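Analysis of the macromolecular model
Listed here are the chains, written in short residue letters.
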Amino acid sequence: VVKNSGYLFSATGVSAVLSMVQSIFVARLLGVTDFGILGTITLFTSVINKFASFRMSELVIKYVGEYSENGDETRAAAVFKSAGIIETLSSVFAFGLIWLLAPLGAQYFARDISTSNWFILYGLIVLANFMIESSTGLLQIFDKFKIIAATTVGQSVVTLTLIGIVYVNQGGLYEIVLVYMAGKMAGAVALAVSALVLATRQWGFDWWRAPVGLLRDRSNELVRFAVSTNISATINLVNKDGELLWVSALTGPTGAGYYKLALSLANLIQLPVSPLPQATYPELSREVAAKNWGNMRYVLRQGSVLAFTYSALAGLFLLVFGSQLIAFFYTPEFLPSFPALLILMVGLLVANTFYWNRIALLSMGLADYPAKVNSIAAVLKIIGIIAIVPIYGYLGSAALLSAFYLFSVTLNVRKTLIELKTRASKIV
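Residues numbered from 1 in each chain as written. Predicted model: local features only at pLDDT ≥ 70, side-chain atom pairs only at ≥ 80, totals over all residues. Heavy atoms only, no water.

A look at the packing of aromatic side chains
Taken as a whole, this structure holds 17 aromatic pairs when the rule is applied. Seen in terms of ring centroids, phenylalanine 44 and phenylalanine 109 are 6.3 Å apart; in terms of plane orientation they differ by 55°. Their pairing is tilted. Taken together, the residues span a long stretch of sequence, with phenylalanine 44 in helix H1 (residues 2-52) and phenylalanine 109 in the loop between helix H3 (73-108) and helix H4 (116-123) at a distance of 65 residues. The two residues phenylalanine 44 and phenylalanine 109 agree in class, both being buried. With 6.4 Å between their ring centres and 45° between their planes, tryptophan 118 and tyrosine 174 make a pair best called tilted. Of this pair, tryptophan 118 sits in helix H4 while tyrosine 174 sits in helix H8 (residues 173-203), and the two are 56 residues apart along the sequence. On the accessibility criterion, tyrosine 174 (38% relative accessible area) is partly exposed. (Phe/Tyr/Trp six-rings, centres within 6.5 Å; stacked < 30°, edge-to-face > 60°. Helix = DSSP H or I, 4+ residues; strand = E, 2+ residues; numbered from the N terminus. Buried < 20%, exposed > 50% of the residue type's maximum accessible area, 1.4 Å probe, protein only.)

Some thoughts on the pattern of salt bridges
Evaluation of the coordinates by the stated rule reveals 10 salt bridges. In this structure, aspartate 206 and arginine 209 form a salt bridge, with 3.7 Å as the shortest nitrogen-oxygen distance. Among the ionic pairs, aspartate 368 bridges to lysine 372, the shortest N-O distance being 3.9 Å. Linking aspartate 368 with lysine 372, this pair stays in helix H16 (residues 368-427), spanning 4 residues, or about one helical turn. Residue class for aspartate 368 comes out partly exposed when judged on its relative accessible area of 32%. Through salt bridges with shared partners, a single ionic network connects Glu66, Arg218 and Glu221. (Salt bridge = Lys/Arg side-chain N within 4 Å of Asp/Glu carboxyl O.)

Let's talk about the packing of helix H11 (residues 253-266) against helix H14 (residues 337-353)
Packed helix pairs are characterised by how far apart their axes lie and by the angle those axes make with each other. In contact at an axis separation of 9 Å, H11 and H14 are set at 40° when each is read in the N-to-C sense. When the axis of H11 is compared with that of H14, the two are oblique. The handedness of the crossing between H11 and H14 comes out as right-handed. Residues Tyr258, Tyr259, Leu261, Ala262, Leu263, Leu265 and Ala266 of H11 form the contact with H14, whose own contacting residues are Ser337, Ala340, Leu341, Leu344 and Leu348. (Axes fitted to C-alpha atoms, helices over the stretch in contact; angles between N-to-C directions. Parallel < 35°, antiparallel > 145°, perpendicular 65-115°, else oblique. Left-handed = near helix turned anticlockwise from the far one by under 90°. Contact = heavy atoms within 4.5 Å.)

Thoughts on the environment of alanine 340
Mapped onto the elements, alanine 340 comes out in helix H14. On the basis of relative accessible area, alanine 340 is assigned to the buried category, the value being 0%. Other than its neighbours up to four places away in sequence, alanine 340 contacts Tyr259, Ala262, Tyr394, Leu395 and Ala398.

Let's talk about the nonpolar core
By size, the foremost hydrophobic cluster in this structure holds 118 residues, and its most contacted members are Val64, Phe80, Leu138, Trp203, Tyr259 and Met296. Beyond its immediate stretch of four places on either side in the chain, phenylalanine 80 contacts Val60, Val64, Met131, Ser134, Ser135, Leu138, Ala195, Leu196, Ala199, Trp203 and Trp207. (Core = buried A, V, L, I, M, F, W, Y, C linked by side-chain atoms within 4.5 Å.)

Overview of unusual backbone geometry
Even without being a glycine, glutamine 170 presents a positive backbone phi close to 55°. Checked against the element boundaries, glutamine 170 lands in the loop between helix H7 (145-168) and H8. Classification of glutamine 170 by relative accessible area gives exposed; the value is 56%. Not every positive phi belongs to a glycine, and threonine 331 is a case in point at roughly 85°. As for its placement among the helices and strands, threonine 331 is situated in the loop between helix H13 (293-330) and H14. Its relative accessible area of 22% is what places threonine 331 among the partly exposed residues.

Observations regarding the side chain of asparagine 374
Along the chain, asparagine 374 falls in helix H16. Under the relative-accessibility criterion, asparagine 374 is labelled buried at 5%. With residues near it in sequence (within four places) discarded, asparagine 374 still touches Ser232, Ile235, Asn236, Asn239, Phe404 and Ser408.

A few points about the environment of serine 194
In this fold, serine 194 is placed in helix H8. As for serine 194 and glutamate 243, which are separated by 49 residues in sequence, their C-alpha atoms are 33 Å apart. With near-sequence residues (within four places) excluded, serine 194 lies in contact with Leu139 and Ile147.

With respect to H7
Look at H7: 35 Å from first C-alpha to last across 24 residues, which is about the 34 Å you get at 1.5 Å a residue. Of all the residues in H7, the buried ones are Phe145, Ile148, Ala149, Thr151, Ser156, Thr159, Leu160, Ile163, Gly164 and Val166. Count one or two residues on from H7 and you reach glutamine 170, which has phi positive near 55°. (Expected span 1.5 Å × (residues − 1).)

Things to note about the environment of asparagine 169
For asparagine 169, the location among the structural elements is in the loop between H7 and H8. As a C-alpha pair, asparagine 169 and tyrosine 281 span 112 residues in sequence and 44 Å in three-dimensional space. Looking at asparagine 169, its side chain comes within polar contact range of the main-chain oxygen of isoleucine 165, at 2.7 Å. (Polar contact = N/O pair within 3.5 Å; in protein donor to acceptor, adjacent residues only side chain to side chain.)

Here we look at H8
Counted at 1.5 Å a residue, the expected span for H8 with its 31 residues is 45 Å, and the 45 Å between its end C-alpha atoms agrees. Phi turns positive one or two residues past the end of H8, at glycine 204, with a value near 95°.

Written as structure tokens, this is what we have:
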């Protein structure tokens, strides 16, 4: 886990530095309002893509890993094939939704109907992402984290280089949208090609002929897992992934610009932690398949200690130096972002410490439990958004996001520990 996390952390670290430089250039070039509009365009596509997504990376890791562990290569190939087909169809569906809803996005989020074509243009990335989740899952389960890391860095280098050219030539929002598209598409295609090559090496040239019918005996389980992860992802559009759109719709693009920067800086706290779920999930799935509950407890405990130590130190650093960093790099115009950053840090400290709260349940086949927790949280969050955000703006949104992390993580961790204790006692 540490080795694979190291690959991803190195890539994420380099990528984060490059992304920070990107955001500085873009923020200085566009100003607060257009910076907020850019955030709504990119997030609008991301939200619709997640709505149509079945999180195939998690299904691939769970079931390709299980079949591979048991030596059933044909069924493992059938799972990957099925995941790729479903993900491709969902990508086409997602782009259709983007095309249809772009005018509404431009009117209510960007507050400028003339930007609707930009929403459609950026939406093309979902077609390039036709197999990105299935590909990522396959690369993870066979420990090809170096490829994922190299792709992450390569994508960031391409994007930063193009942004530098736009900045020198004093381009505008349209050019920045094109640059973001180019970087995303390059990374998605690279991952898909790498996964297809890996599948051929692992299962032979005829792997794509593996009959999907071989999975019929577990079709209900597979469908339930995929639907549960889709529901969970869809609900998270309300709970955390759609934050910027809520703020933009209820307060305007300027508030979204401040909040976009606060979210970006808050992600620095997650920098070393964000690769841990990807690296840990395959290992947890293997331990569950082998019923090594003691090993699983050890991985979770040690991961939490590492994550908490870093998150506490990073949070303290931002508390002391955050406002100075914003004023120096982004100009004093963006200083209203700092209070939102402090509020976000509270929830992120808990979420980072127990980063495994969801993947542990997935590895044990309990994908429906996080979905139920998120459903309850979504209802509470919507009530909070309607009541609080129109009054307190992006600061209220930051407080609601922190509250969501505290609520959902606590329940998921409690369920994980109870389930581990129950399963361990059955072995004894």
